[in-house]
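# Commentary on secondary and tertiary structure
Here is how the chains run, residue by residue.
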Amino acid sequence: MILAALLLAAASADPAAAPARAFQKCISCHSLDPAETGLPGPSLGGVIGRRAASVPDFDYSPAMRAAGAAGLVWTEERLDAFLANPEALVPGTMMQTPPPTSTEERALLYGLFAR
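A brief look at the structure comes next.

Thresholds applied
- Residues numbered from 1 in each chain as written.
- Predicted model: local features only at pLDDT ≥ 70, side-chain atom pairs only at ≥ 80, totals over all residues.
- Heavy atoms only, no water.
- Buried < 20%, exposed > 50% of the residue type's maximum accessible area, 1.4 Å probe, protein only.
- Helix = DSSP H or I, 4+ residues; strand = E, 2+ residues; numbered from the N terminus.
- Arc of directions from axis to C-beta.
- Contact = heavy atoms within 4.5 Å.
- 1 Å grid on protein atoms, 1.4 Å probe; cavity = no way out; pocket = protein on both sides within 12 Å on 5 of 7 lines; lining within 4 Å.
- Points joined across faces, edges and corners; volume = space filled by probe spheres on them.
- Nonpolar A, V, L, I, M, F, W, Y, C, P; charged D, E, K, R; others polar.
- Core = buried A, V, L, I, M, F, W, Y, C linked by side-chain atoms within 4.5 Å.

## Points about helix α4 (residues 76-84)
- Along α4, the residues that are buried comprise Leu-79, Phe-82 and Leu-83. The arc enclosing the buried residues of α4, seen along the axis, measures out at 95°, which places them on a common side.
- The secondary structure elements touched by the buried residues of α4 are α3 (62-69), α5 (86-89) and α6 (103-113).

## Looking at the layout of surface pockets
- The computed volume of the largest pocket comes to approximately 550 Å³.
- Residue lining of the largest pocket: 33 residues in total, with His-30, Gly-41, Pro-42, Phe-82 and Met-95 positioned closest to the centre.
- Tallied by class, residues from the lining of the largest pocket come to 21 nonpolar, 8 polar and 4 charged.

## Regarding the nonpolar core
- Core analysis: the biggest nonpolar cluster contains 21 residues, and Phe-23, Met-64, Trp-74, Val-90, Leu-109 and Phe-113 have the highest contact counts within it.
- If you list the elements that add at least two residues to this core, you get α2 (18-23), α3, α4 and α6.
- Per-element accounting of this core gives the leading share, 4 residues, to α6.
- Ignoring any residue separated from it by four or fewer positions in sequence, one finds Leu-109 in contact with Pro-19, Ala-22, Phe-23, Cys-26, Leu-83 and Pro-100.

Here you go:
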């Protein structure tokens, strides 16, 4: 029992697993697989460098469509601003689940999003 607890603690402290743990806050609405559809939010796989509201066949909010039409492209800096305060960057966004709030936790996600 004690060994199992120690192994679990070691696994959760694994720095290589940190991005996946950070993505757990996103997984109820988003996927990292660009081919996965039917979720409340668009795939985040390959989002860095992509224009906002540009995943085909996804029903974006009017606010996100307007942001994309106005030229919003997701860079690490823009994603950081959006995840820190979605409503400030895209007023009227449908993003409802609180995103990762710490700078460190958000930074862990960008490597996942670039794939």
